[in-house]
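Structural characterization, general
For reference, the chains in residue letters:
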Amino acid sequence: MSERIISCSAAIAEALTEEMSRDDRIFVIGEDLVYHGGIFGQFKGLPEKFPGRIIDTPISETCIVGSGLGAALTGMRPLVDLHFADFTTCAMDEIANQSAKIRYMFGGQVKIPLVIWAPDGAGLGAAAHHSQSLESWFIHTPGLKVVVPSEPADVKGLLTAALRDDDPVIFFQHKKLFAKEGPVPEGEYVIPLGKAAVKRSGGDVTILTYGSGFYLSTEAMKELSGMGIEAELIDLRTLKPLDFETIAESLKKTYRAVVVHEACLTGGFGAELVARISSELFDYLDAPVLRVAAKDVPIPFSPPLEKFVLPSVEDIVKAARQVTYR
Amino acid sequence: MRTGASEQEMKGKKTKPINHIKAYDSETLLALYQKMVTIRKFETLAGELFAAGKIPGFIHLSIGQEGSSTGVCSILRPDDYIITTHRGHGHVIAKGGDLKRMVAELMGRRTGYCKGKGGSMHIADFSLGILGANGVVAGGFPIIVGAGLSIKLRKTDQVAVCFFGDGASNRGPFHEALNMAAIWKLPILFVCENNCYASTTRTSYACSVIDIAARAKGYDIPGVSVDGNDVLAVRHAAAEAVDRARRGEGPTLLENKTYRRRGHFEGDPQRYRDQKEVVEWEQKNDPILRFASILKEKKLLTQDLEDKIAAGIDADLKEALQFAEQSEWPKPEEALEDLFFNF
C-alpha cells in the first residue's frame, strides 16, 4: 500500500469519499457543510461529489444528533458534525441518554451505525466554550465508543472503521490537528476500533497518550532520549473499548508509566488508566504512575494564561524523570 | 394560578357529534372499538399488577386517552414509524405490539420485548416500526426528525409519527424538531396528546397557549386541534396529515385534546386536582363509551357483540399474563449483553 504525505483534513475527506462511494447509506449532516466544507474545511469537495448527501442544518445541535440517531435506527449510516466538541452539551440527551442507551434498553433489537464528529481541544485562543477536551464524559457513559486519533493515517483508518461500525462512535479530533500532515496509505485503510499503537519502542518508561498528547509526548521523548531515558510511546487511539493488553505488555517491560492528556486532571481518563494499572499490574510497577494533564480550570483566553493551563513538554519530561528516578 | 379547570381548557369535553362515521365500513369501525377496549383492558391489568407488586419500578397509564392512540395508528401502515413516551403502552398496542411480550417486559422477564432491560417506559418493536417509548419527556422529537429524514433520503412514502404530551411542547427539542421538519418538509406527524396535566402541573399554568396546535404557526406548518376522545375525529385529522406527508408536503402538528384520568404515575396521590373532575370525565367523556353509543345507535354493536369482544380480549390478556408469569427472569449476567453490536 503506497503512502503520501497529506493533512488530517485531507485524510478525513479521503476516508469519507471512499466510504460514501462504497455505501450509499452514509451521509453527513451538520452546520456549514455545503458551502463552507465544514467549519475546518474538512469536508471540502464532498458536497460536489455527493450531492444531497452532505446536508446543511440549522444551528440546532439537539436535532442534528437526534436526526442522525433517527436515521441510524431506520436504515441509514450517518456522520453528524458538531462543529465543536463543546456543543455536545446542547445535544447531551441525544448522545448520552438516547444514542448510548437505545440498543441496550431495547434488548439489542437494533444497530446504531452513527458517528458523532466532535472537534475538541485548546491551544488556539478560542477560550472556554470552544476549547474543551470532554472525552471522559462519554467514556463514563456505557454504550458509546470513544475515538481520539492523533496522526493523519490514524484519522483515516479510524474514521473508516467508525463508519463501518454498528454502534455509536464519538470521534474527538483535536482541531489543531486538521492541518497536521503525515504519511497516509492510499486506498482502503481500516484501523480496528479498540487497538492501540506502539509508536516508538523504549525500555525505560511507557508514555500512554492520545490525541494532541501524542505530539507533546513525541517532543518530550526527544529530550528524554538526550538524557539517556528511552520511552515507549503508546498512542491509545480508541479509549473505549480500551486496548489494555498493549498497555500491559509495555508496562511488563518498562515497569513505569506516565499518562498524558490535554483534558483537565481531575476525573480525566488518566485517573481510569492509573486505577486500572494499579489494580491489574501492581506487581510490575517500580514507581507510582504519574499523570500529565491540564490544570482544573476552564480554558482561559489570553495566550499566556492558556499556555500555563495546558500540559507541556516540560511537564512530561519532568514526570518521566520522576518515575525513572533520574 | 387556577386550581380548577377553566371552560376553555375543558373544551375537549364538549361532546361533538362523531360525524365521519359514514365514511367507514363496519369492519373498520369495530376494529377501532376493539383496539380501544384492548388498550383500556391492558392498562387496567397493568394497574392491577402494579398495585399487587408484580411490576417493578413505576408505570404511567393512558386510560381515557385511547381515542388518540387508536385513531392515529389506525391509519398507519406497518412500515410507518412511531415513537412514543413514558405513557406509551396504548401506542404500542395500537401499532400492533404483541401483548404477551409487553406484559412480560412490564414484569421484567427475559421473554419481554427488551429482555427485561427496558420495562414499561422503554418498549420498542423495530419490526413494527415502533422506534420505542422514551423515558425522557421530549426525547422522541429529534429522533423522529431523523426517521423523517431517512424516509426522504431513501425516497419511500413512509411517514413517521411522534406522540408527545402537552408538557413536552414546552421543551426545546419540540421547537427544534418542528423547525427542522418544516424546512425540509419531512413526512412527520407530530401528535400532541393534551391531557390537561404535565406530571402534577396543569397545562393552563405551564403552557403559554391554550391550544398546543397554535404553536405550529411559529413554524409555518398546519396545526390542528381535535376532540381527542372522538376516535373518528382523530382518525380523520390524522388521515389528512398522513396524506399530506405522503404527498411530500411536510409535517403537521395534530393536537388531540383529552384527559389523563389516572395519576401521572400509578400511586400518585393527586393532590393537585379534585377527584370530581376525574369522575366527570369518566362519566361524560369516555372515548370508548362515546364511540360504543354511536355504534349501538347505528346498530353496529349489540350487547352480544360487545360481550364477545370483551371476552376475546380478556382471554388474550389472560394468556399474555400467563405467558409472562411463566417466563423466566433474566439471568443476572444477561445484564452485560446487548451493549455493543460488535467488539
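Residues numbered from 1 in each chain as written. Chains lettered and ligands numbered in written order. Predicted model: local features only at pLDDT ≥ 70, side-chain atom pairs only at ≥ 80, totals over all residues. Heavy atoms only, no water.

**Some remarks on the overall build of chain A**
Selection criterion: Only DSSP runs of H or I covering at least 4 residues are called helices, and only runs of E covering at least 2 are called strands; the numbering of each starts at the N terminus. Radius of gyration: over C-alpha atoms. The globule rule applied is 2.2 Å multiplied by the number of residues raised to the 0.38 power. Note on contacts: a residue pair qualifies if any of its non-hydrogen atoms lie within 4.5 Å across the two residues. Only the protein chains shown count as cover for residues, with accessible areas throughout obtained via the Shrake-Rupley method and a probe of 1.4 Å. For the charge count, each Lys or Arg is scored as positive and each Asp or Glu as negative, with His and the chain ends excluded. Note that the charge is assigned to NZ on lysines, CZ on arginines, CG on aspartates and CD on glutamates.
The helix and strand tally for chain A stands at 12 helices and 14 strands. Here the C-alpha radius of gyration of chain A, 19 Å, is about what a compact globule of 326 residues would show, namely 20 Å. Across its three principal axes, chain A shows a C-alpha extent of roughly 60 × 45 × 40 Å. Restricting the contact set of chain A to residue pairs at least 6 apart, pairs at least 24 apart contribute 82%. For chain A, the accessible surface area stands at approximately 11700 Å², while carbon and sulfur atoms represent 55% of it. If the 32 positive side-chain charges of chain A are averaged to one point and the 43 negative ones to another, these points end up 3 Å apart.

**Some thoughts on helix 1 (residues 26–51) of chain B**
Three or four residues apart is the spacing at which side chains of an α-helix point the same way, because the helix has 3.6 residues per turn. This is how the line gets drawn: Here the expected span of a helix is defined as 1.5 Å times the quantity of residues minus one.
Taking 1.5 Å of rise per residue, the 26 residues of helix 1 of chain B would be expected to cover 38 Å, and the 37 Å separating its terminal C-alpha atoms lies within 8% of that figure. A positive backbone phi angle near 80 degrees is found at Gly53(B), which sits one or two residues after helix 1 of chain B.

**Remarks on the interface of chain A and chain B**
The condition that has to hold: By buried area we mean the combined loss of accessible area, with a 1.4 Å probe, across both parts when two parts are placed together. We count a salt bridge whenever a side-chain nitrogen from Lys or Arg sits within 4 Å of a carboxyl oxygen from Asp or Glu. Pairs of N or O atoms are called polar contacts if they sit within 3.5 Å, as long as, within protein, a hydrogen donor faces a hydrogen acceptor (for residues adjacent in sequence, only side-chain-to-side-chain pairs). The nonpolar class holds Ala, Val, Leu, Ile, Met, Phe, Trp, Tyr, Cys and Pro. Asp, Glu, Lys and Arg form the charged class, and all remaining residues, Gly among them, are polar.
Listed as interface residues are 44 residues of chain A and, on the opposing side, 41 residues of chain B. Contact between chain A and chain B buries roughly 3400 Å² in total, counting both sides, with carbon and sulfur atoms accounting for 68%. At the surface where chain A touches chain B, the tally comes to 0 salt bridges. Counting across the interface, chain A meets chain B through 13 residue pairs in polar contact (both at pLDDT 80 or more). At the level of secondary structure, the elements contributing two or more residues to the side of chain A that touches chain B comprise strand 2 (26–30), strand 3 (54–56), helix 3 (61–73), helix 4 (92–99) and helix 5 (102–105) of chain A. The element that contributes the greatest number of residues to the side of chain A that touches chain B is helix 3 of chain A, accounting for 10 residues. Class assignment of the residues belonging to the side of chain A that touches chain B gives a composition of 19 nonpolar, 15 polar and 10 charged.

**Quick notes on the pairing of strand 11 (residues 231–235) of chain A**
All names here are of chain A. In plain terms, the rule: Partly exposed describes any residue whose relative accessible area lies between the buried limit of under 20% and the exposed limit of over 50%, with all areas from a 1.4 Å probe on protein chains only and scaled to the type maximum. For two strands to be treated as a pair, DSSP must find no fewer than two bridges joining them. Seen with the strands pointing away from the viewer, any crossover whose path from the first strand over the helix to the second strand runs clockwise is right-handed.
The element strand 11 is extensively covered by neighbouring structure, given that 5 of its 5 residues are classed as buried. Along strand 11, one buried face is formed by Ala231, Leu233 and Asp235 and the opposite face, lined by Glu232 and Ile234, is buried too. Where strand 9 (residues 197–200) lies against strand 11, 3 bridges are found, and the strand directions are antiparallel. In the sheet register, Ala197 faces strand 11, and the bridge partner there is Asp235. The β-α-β motif built from strand 10 (residues 205–209), the intervening helix 8 (residues 213–226) and the parallel element strand 11 has right-handed crossover chirality.

**Some points on the domain arrangement of chain A**
Residues and elements named next belong to chain A. Using the following cut-off: As used throughout, domain bounds are those supplied by an automatic or database domain assignment.
The domain architecture assigned to chain A consists of domain 1 (3–185) and domain 2 (197–324). Facing the 29 residues of domain 1 at the interface are 23 residues of domain 2. Of the roughly 2000 Å² buried where domain 1 meets domain 2, counting both sides, 56% is carbon and sulfur surface. Broken down residue by residue, the surface that domain 1 buries against domain 2 is led by Ile139, Val148 and Ser150, which jointly contribute 22%. At the junction of domain 1 and domain 2, the tally comes to 3 salt bridges. Put simply, domain 1 and domain 2 have 18 residue pairs in polar contact (both at pLDDT 80 or more) between them. Among the secondary structure elements, those contributing two or more residues to the side of domain 1 that touches domain 2 are helix 6 (135–139), strand 6 (145–147) and helix 7 (152–164). Counted by class, the side of domain 1 that touches domain 2 contains 15 nonpolar, 9 polar and 5 charged residues.

**Remarks on unusual backbone geometry**
That bond from Lys240(A) to Pro241(A) is cis: its omega, 0 degrees, falls within 30 degrees of zero. Locating Pro241(A) in the fold gives a position in the loop between strand 12 (238–240) and helix 9 (244–254). Its identity is not glycine, yet Tyr255(A) carries a phi of approximately 65 degrees, on the positive side. Locating Tyr255(A) in the fold gives a position in the loop between helix 9 and strand 13 (257–264). By relative accessible area, which is 34% here, Tyr255(A) ends up partly exposed. Positive phi outside glycine occurs at Gln270(B), with the angle close to 55 degrees. Along the polypeptide, Gln270(B) turns up in the loop between strand 7 (252–257) and helix 9 (275–284).

**Some details on the environment of Leu186(B)**
Residues and elements named next belong to chain B. For Leu186, the location among the structural elements is in the loop between helix 6 (172–183) and strand 3 (188–194). Judged by relative accessible area, which is 0%, Leu186 ranks as buried. Separated by 140 residues in sequence, Leu186 and Gln326 have C-alpha atoms that sit 44 Å apart. Excluding residues that lie within four positions of it along the chain, Leu186 makes contacts with Val145, Gly148, Leu149, Lys152, Met180, Ala181, Gly250 and Pro251.

**A few points about the sheet that holds strand 5 (residues 115–117) of chain A**
What links the strands of a sheet is backbone hydrogen bonding, and the strands pair in either a parallel or an antiparallel sense. All names here are of chain A. Keep this limit in mind: Axis definition: a line fitted to C-alpha atoms, over the contacting stretch in the case of helices. Angles run 0 to 180 degrees between N-to-C directions.
Spatially, the 7 strands line up as an open sheet ordered 3-2-4-5-7-6-12, and their pairing is mixed. Every other strand in the sheet has two partners, leaving strand 3 and strand 12 as the edge strands with one partner each. The sheet shows a mean angle of 20 degrees between the axes of neighbouring strands, direction not considered. Relative to strand 5, strand 4 (residues 77–81) runs parallel, the two being bridged by 3 bridges. Each residue of the ladder has a partner; that of Leu79, found in strand 5, is Val115.

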